[in-house]
Structures are given as structure tokens and as C-alpha cells.
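# Commentary on secondary and tertiary structure
Spelled out from the first residue to the last, the chains are:
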Amino acid sequence: MGFIDKQTDNCSGCRSCELACSLKHYGFFDFHKSRIRIIHREERSEIEIHQCIQCNERSCIEACPADALSIDKDFGYIRLDEQACIGCKACLKACKYNGVLWDDETGTPLICDLCGGDPECIKPCRLHGALTASEKEVVR
Amino acid sequence: MRSSYNGRLLQVDLSSGRILVHTLEDESLHKYLGGRGAAAKLLWDMTGPETKPLGKENVIIFSPGSLTGTDAPTSGRSNITFKSPATGGYFKSSVGGGLGLAIKHAGFDHILVTGKSKNPVYLYVSLERIEIRDASGIWGRDVKETNRLIKKDLDDEELIIACIGRAGEIMSNYAAVMGTYYNAAARGGGGAVMGAKKLKALVVSEAGGRVYVADPEGFASATQRGRDASLADNHSRVMKRFGTAATTDQMCVAGLLPTYNFSRQWLEAGEENLTGQHLIDEGYLKRSVSCGTCLFGCHRYTEVDEGKFKGVYSEGPEYETFASFGANLGITDSRYILKANEMANDYGFDTISLGAAASFAVESFERGVITTEDTEGFELKWNDGETLLFLIDMIVEQRGIGKLLAQGVKKASDKLGKGSFKWAVQARGLEQSRVELRGAFSYALAFALNPRGPDHLMTECLAEFGDGFSKHALGVIEKITGDRKYGKPYLEEKREEIVSWHEDIYAVSDALGYCAFATTAAYGIDEKMLSDTCNTATGTDLTPGEIMEAGRRIVTLERCYNLREGWSRRCDVLPWRIMNETAVDLDPKQPTSATMDSRRLGRMLEAYYRLNGWDPSNGFPLPETLEQLGLGYVEKELTEQRDHTDEAELPESCTYPAEV
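All of the points below concern the structure found in this document. (Residues numbered from 1 in each chain as written. Chains lettered and ligands numbered in written order. Predicted model: local features only at pLDDT ≥ 70, side-chain atom pairs only at ≥ 80, totals over all residues. Heavy atoms only, no water.)

## Description of the packing of helix H19 (residues 495–512) of chain B against helix H21 (residues 527–538) of chain B
Residue and element names in this part refer to chain B. Operational definition: A fitted line through C-alpha atoms represents every axis, and for helices the fit uses only the stretch in contact; the resulting angles, taken between N-to-C directions, go from 0 to 180 degrees. Helix and strand definitions here come from DSSP, where helices need a minimum of 4 consecutive H or I residues and strands a minimum of 2 consecutive E residues; each element is numbered from the N-terminal end. An angle counts as roughly parallel when it lies under 35 degrees, as roughly antiparallel when it exceeds 145, as roughly perpendicular when it falls between 65 and 115, and as oblique in every other case. Each crossing is labelled by how the near helix is turned from the far one, with a counterclockwise turn of less than a right angle marking it left-handed and a clockwise turn marking it right-handed. Here, two residues are considered to be in contact whenever any of their heavy atoms come within 4.5 Å of each other. Under this grouping Gly is polar, as are all residues other than the nonpolar Ala, Val, Leu, Ile, Met, Phe, Trp, Tyr, Cys and Pro and the charged Asp, Glu, Lys and Arg.
Two numbers describe how H19 lies on H21: the axes approach to 11 Å, and their chain directions differ by 25 degrees. By the angle between their axes, H19 is roughly parallel relative to H21. By crossing handedness, the relation of H19 to H21 is classed as left-handed. Contacts from Trp501, Ile505, Val508 and Leu512 of H19 reach H21 at Glu527, Leu530 and Cys534. In terms of residue class, the contact of H19 with H21 is built from six nonpolar, no polar and one charged.

## Considerations on the nonpolar core
Residue and element names in this part refer to chain B. Quick note on the threshold: Take the buried Ala, Val, Leu, Ile, Met, Phe, Trp, Tyr and Cys residues and link them wherever side-chain atoms come within 4.5 Å; each set so joined is a nonpolar core. Using a 1.4 Å probe on the protein chains alone, a residue whose accessible area is under 20% of its type maximum counts as buried, one over 50% counts as exposed, and one in between counts as partly exposed.
Ranked by size, the top nonpolar core spans 76 residues in total, and within it Leu33, Leu512, Ile547 and Leu574 carry the most contacts. With near-sequence residues (within four places) excluded, Ile547 lies in contact with Leu33, Val508, Leu512, Glu527, Leu530, Ser531, Cys534 and Leu542. Counting 56 residues, the second largest nonpolar core, distinct from the first, contains Leu279, Val304, Ile392 and Trp423.

## What to know about the sheet that holds strand S8 (residues 130–134) of chain B
All names here are of chain B. Using the following cut-off: Here the rule is simple: two strands pair whenever DSSP picks up at least two bridges between them.
Taken together, the six strands give an open sheet; going across it, the order is S8-S7-S12-S9-S10-S11, and neighbouring strands pair in mixed fashion. Looking at which strands have only one partner, the edges of the open sheet turn out to be S8 and strand S11 (183–185). Taking each pair of neighbouring strands and ignoring which way they run, the sheet shows an average axis angle of 20 degrees. One ladder, built from five bridges, connects strand S7 (residues 121–125) with S8; its direction is antiparallel. Counted as the bridge partner of Leu123 is Ile132 from S8. Running over the sheet, helix H4 (residues 143–153) touches S7, S8, strand S9 (160–163), strand S10 (177–179) and strand S12 (199–204) and is turned about 135 degrees from S9.

## A few points about the packing of helix H18 (residues 473–481) of chain B against H19 of chain B
How two helices pack is summed up by the angle between their axes together with the distance between the axes. Residue and element names in this part refer to chain B. As a packed pair, H18 and H19 sit with axes 9 Å apart at the nearest point and diverge in direction by 105 degrees. Classified by the angle between their axes, H18 and H19 sit roughly perpendicular to one another. Taken together, the residues of H19 that come into contact with H18 (itself represented by Val476, Ile477, Lys479, Ile480 and Thr481) are Glu497, Ile498, Trp501 and His502. Taken together, the residues that form the contact of H18 with H19 break down as five nonpolar, two polar and two charged.

## Topic: the packing of aromatic side chains
The condition is simple: Ring pairs shown here join Phe, Tyr and Trp side chains whose ring centres sit within 6.5 Å, with only the six-membered ring taken for Trp; geometry is labelled stacked below 30 degrees between planes, edge-to-face above 60, and tilted in between. We call a charge positioned over a ring when the NZ of a Lys or the CZ of an Arg lies within 6 Å of the ring centre and within 35 degrees of the ring normal.
One pass over the structure, following the stated rule, counts 17 aromatic pairs over all chains. Aromatic side chains Tyr608 of chain B and Trp614 of chain B sit 5.2 Å apart centroid to centroid with 85 degrees between the ring planes, which places their arrangement in the edge-to-face category. Take Tyr608 of chain B and Trp614 of chain B: they sit in the same class, and that class is buried. Put simply, the rings of Tyr26 and Phe28 of chain A together with Tyr212 of chain B touch in pairs and so form one group of aromatic residues. Across from the ring centre of Trp423 of chain B, 4.5 Å away, lies the NZ or CZ of Arg367 of chain B, which sits over that ring.

## Regarding helix H2 (residues 35–46) of chain B
All names here are of chain B. Test applied: By definition here, a helix of n residues has an expected span of 1.5 Å times n minus one.
The end-to-end C-alpha distance of H2 is 16 Å, a good match for the 16 Å that 12 residues give at a rise of 1.5 Å each. Of all 12 residues in H2, 10 are buried, a share of seventy percent or more. Within H2, burial applies to Gly35, Arg36, Gly37, Ala38, Ala39, Ala40, Lys41, Leu42, Leu43 and Trp44.

## Some words on the pattern of salt bridges
Residue and element names in this part refer to chain B. So the rule is basically this: Salt bridges are defined as contacts in which a side-chain nitrogen from Lys or Arg sits within 4 Å of a carboxyl oxygen from Asp or Glu.
Counted by the stated rule, this structure contains 64 salt bridges over all chains. Taking the shortest distance from any N to any O, the salt bridge between Lys286 and Asp305 comes out at 2.7 Å. Within this pair, whereas Lys286 is found in strand S13 (residues 285–289), its partner Asp305 is found in the loop between strand S14 (299–303) and strand S15 (313–315), the two being separated by 19 residues in sequence. Judged by relative accessible area, which is 36%, Lys286 ranks as partly exposed. The partner of Arg399 in a salt bridge is Glu397, and the shortest N-O contact between them spans 2.5 Å.

As C-alpha cells, then:
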């Protein structure tokens, strides 16, 4: 696959994707360790999906003063060098797609890594169809 | 071992302001599966015949499932358990939305509230602090505004709130607890219990919380199998596209739609307006909404963009709401149903009982038992949306007949007399949900046995409708009875087996937090899936058979709670109208002539009692049955009642007036 296609209108706000992401990366469930975040304002049923879309601008990489971010050669996601990261949040501020989330515990960014090519978040979303695997090529 | 259920109980006493955190014994999981089961045991231990439902001694327990907080498919539900002001018995009301996930991520498996506050308060729960906060500025506000005001008060938009509206404040017997705006724990008057405690809301922050499972890899794999199985049945897609009102029109054509206060089984026209398809066609449906971790998303978020009711927005209407506000009042103008649905959600009413109160009032008016003197001069009519809106206003404002109607049709008919019990469609104090039992015999048996009253949400026996309903339904019937031929709703044979199985799996679903639609409507999550996910999440070692036995233990304990209250076989009945009048008697043009007389029901009950080791003479589980299920301890509190059921006075909720 290439990357993850999002159709926000199809999202029903179940938040399975957030939990599946957390389980895959950490072995437990923590909404604030997820690399995808569903903002659901229930009163008017307004939903936003915050997750890296592997855009072409790479503004997060350019904004990073510590060279901690790079593009993964195999899958095209944004790779974080945790040792190099200084926790300045420049990447978070630079991303206009709300694609960079923040891990308060480690003080480092949370950016979708496509689970190495088999994303967990899309698996519970089959019927909803808000998150689907896209064949579109990503920037390498 | 790490587990998604740790028995952590937050206990808050509103009289003294005391806040305690306990850890429940291991049996709360291993014997009762957490969630609904552990809550039933807490209710058994902490309340009893001396407990007044609206007194300070009653408890209200918020219990997400033992798997809630994980991503097991449809596992986001919570049970709210209390002694009911409507029935005087055990009551569990289930609620979805985000409440359960938030409670679990805030570190608790149960939140139990006792006592009574002097002034209105709300309870705030997070990892960092637990606080009883002043709600005097919020008291009197409707559900949407309550959510807004609390989020502002705490400056946190992401809070998950379960609150009451004005229905709970006036302690209506059918006041709901409203979770995350529109998700109602509707039935039984949980909202009145909160209102009596002056508890406006439970407010939960999930920030920073974590839920663990015993075996992450095994759990992820069991969960994926569960997802695949859930989506394999066609009914999951029906739920997604059309919601619970997918088949109202087909039920009407089949003569299974209760109409005009259960006096008929069909509408002459307009039933297509009471469907999920209609919500799409008219542009009302804006989004299909899921509870936490649900793969289907049967909730409907709807808005009205033009016309008289422009600006109406809420979630629903569900099937039960369409049937209750629509078919049972003869109303087919969906705009009025959407408006009434919004009002019910804002005031925090159970739409089933609210619609039942309205149809009871219209029939009483038609028969001259109530008059324009009771209604401020308003003429109550069938097929009239204005009548419905007027009655809702009267009820919430406690004006005229509204004050009596707010207490439910049982208490209203007791007070009004003049034979009105005959059209008060309730049993054990609860208004019947909108299923035509005279043509669906598993439902009839299940409704007669249900500890809540005649209602579908402890035993949804949809499988008896066979493959007309869902692809997998006949397979389920074959699994239970050994033969697919029993998948027909008008057969009497094998109903006891079908009902028992559904009761057990429903109890397991509630205990673990699964939505019963996944286990008893789409049939994807079966016994094996339940035990696999439970074992890998909590570290139990249960076979599919053992997990179903735990379900039976929960069902039996809940039964015993009511027996201790003075219930018996004599309470295993259906509403008077269902037992004594066929819809054909009431309207000769009816398409079916099925009846649910007491002999037919009696035969099915007897078979059920024998199958489950209950004494057919009084409906009590035999002492050896209790012993086998590990419930021997309840016997000492039942011995006296067991021998005197015939002469004993029935609890108030189970009586009919002397004029019968």
C-alpha cells in the first residue's frame, strides 16, 4: 500500500483507530499515545481526523532545528530520531494538517509511521470507510 | 497480571461527601465477569426490600464492561444499575457513547454513588482528582446546555458527561441518564434516582489514562477475528445504513408493528415515514454515529434544515422512538417525531415510556376517563403531532394530567381507575417496548421473565425471525435447538431454549461491555469470541461454556433480587391488553389473529422453569440450582418467600386494581 486515505464524512467517532494505534505501538490502550486523534464534538456531530497525511510540503522536517525528522526510505512516512529530538514542538506548529500529535510523557512528537506498511487504524474502519488503504504513491 | 478489569470501585457518598476507592475481590471478575454481573452483586449486597428507590439508601452504579476501554469491537458500553422507582426491582440500563471508555481510562471499573446531597452537585472524576462540585447554576438546565455549562465550568471541551435533564429533576419514573449528549440509559428511571440524590451529572476526564490487557498479541488477534465475524452478517450493514429503524415498514406489513396503543398491529398508510430510509430520503440524516469502538454506527445524527421545525437537531429517532412517538399514536408525520425526539433527549426522557404515557392519555381521553378539564382544554387526538408535543410539555412542566403521566402508565392508571389498567400497556411497572408479542413468542416469553419488565433489552431474541431477518439467524437457532425449523416467531416449541440462550449471552455481553447487537442481532460475536477476548484481556481462563454459565449466574442473581423483593411466578406476566385482547378483537381488519393468552404463556414459562432448574410452582430457582451456580448465599434471604408466594401480597408494581 501507499498511505492512508481519509474521508472525514464517513467517520462515526468510534475511536477504535486511536486505540488500535496505541496497542500496536505500546501494547496498551492510551488515547494520548496514539498517532491518530479523532476530535468529535458530539453536540453537532462535528468530527476532525488528526493524523499525518504524508504531504509533499514536509514543513515539519524543514521546521525541525535538530534534524530529528526524515522521510523513511521504504514507506515514505516521517521518521523520528528520538535521540536527536529536543522537544521544541516546532514540527507541531509547522504542520497545517494537524498531522503531528504530541506525547506529553516523552516530550516528543507522535507521527503516523503507517505501522511499517500494515496500518492497524484502518482495520476497525472497514464498514465506516473513513480510513482506507490508498494505492497512491508517496514521496520518497 | 495486567488486566482490562481490576475491580477498582470509586464510592462516593453524597450525604457525607466521603470519597473512597476500593478494590473488589477477584470473584467480581471470575464469577460475575465484572460490568453488569459485578454490579448486580453490589446491588444485591447494598440494597434490599427496605431500600426506597428515591431514598438516600439507594445506590446508582456506573459500570463499564470489563473489556471497555480496549478496542474490542462494540465493547464501549456501560451498565447503570439501581433499584428502580418504576418497578421497585433490580434495574440495569445500558448506555453507549464515550462514557464507558472515559470511566475506564480514568482508572475505574465501577463508580458507585450513595446518599443524597442537600444542594445540586455534579461529580468530577479524573486521574488527578475526584471532586463533588456545586451544580446549583446548572440545575434546571436541559441536557445540551448542561454539557456546555460543565465544559465551560471546568474549561475542558473533551470531558465526557452523563447527566440528567428536567425529567430527572422532577423524578419522573422514566427519566433517563443521558450520556455524551444523546446516548440514553433510558429505561427504569435511573435519571430519577440521580435527581433524588441531587446529582446533576457524572463528569469524566480520560486524560492520561491507560487500559492494559493480559496478552496484547493474543488480544489483537482475537479482536481482529471478532471484527471479521461481526461484519460477515448482513445485519451489520443494515445497522450502518439505516440504523435501528431499518425495518419499521416491513414490520407493519407483517402485522408486527404495535399501533394505536397496541390495539392494532399495522398502520393504514405512512409507515414508510418511520424508517431509516426516510431519514436519508428527506435529508435529515447527517451522520451515522458510533458508540465507543463500534464497527457499525447505528445511531443517527439528524438535523431539520427547513420548514416549521427548522433547527431541530439531535440523535435518533431510533426504531423504538419512531414506534412510540409515531406508530403507537398513529402519527406518521416524521417532522413531529423528530421534534418530539429532540425534546425527549433535551429533557432526558425515555422515549418508549414517554410515548406510552402519551398513547395511554389519548386512549383515556377517547374513552372519557380524562377530559379537557385535565388537559387545559386541549383535545387529545390520534394521528396528531400537536397532541404529542403538548403532552410532553405538560409532563415536563408538571401541569394538569402531566404530573400524573410523569409517573408512568402504571401509577397513572392506578389513580385514574375506571378500567384504565386495560389500556395501560405495562407490566411490573414498566411500559412495554414496541414489539408485537402476540406474533413473536420468544419475545413474549422473554418479556414475561425480564427482571426489568416487558422490555427487549435483556433478551433480544431476533433470531426467531429466521433468515427473513439476518443471514446468520437460522444458524443460531440451529445451534441452540438443534434444528433450523424453529426459526419461526409463531412457534411455541423450543422458545424456552431460545430465550435462555439469549438471556445468557446478553448478560455476558453487558458484563464485558459488548453491544448486544453484536451478539444477538448481527450474531458475529459468539461464545467463543467472547471467551477468547475476555481471556486475553483480563487473564481469565474461561471456556465458551463457562462464560455462558457465568451469564446464567448473573441472570439468576438478578431474578433472586426481585424474588427477595416479593416477586414470584405471579409477576411473570405481560400487559393486560397483550394477555387478554387479540388485536383482531380490537379491530377485525387485522392481518393476524395471534394471541398471547395466559395458557400459552403458562406452558412456555413452565418449560423455561424446568429447563433452568427453577420450581414451576413459584418461579424460584431451586436451592440446588443456586448451589450449582455458586449462588448458595442468596438462599437464606429467600427461604421465607419461597414457601409463601401464593398468599403473599404482591409488590405494588405487580398488582392490578381490585376491579379486575
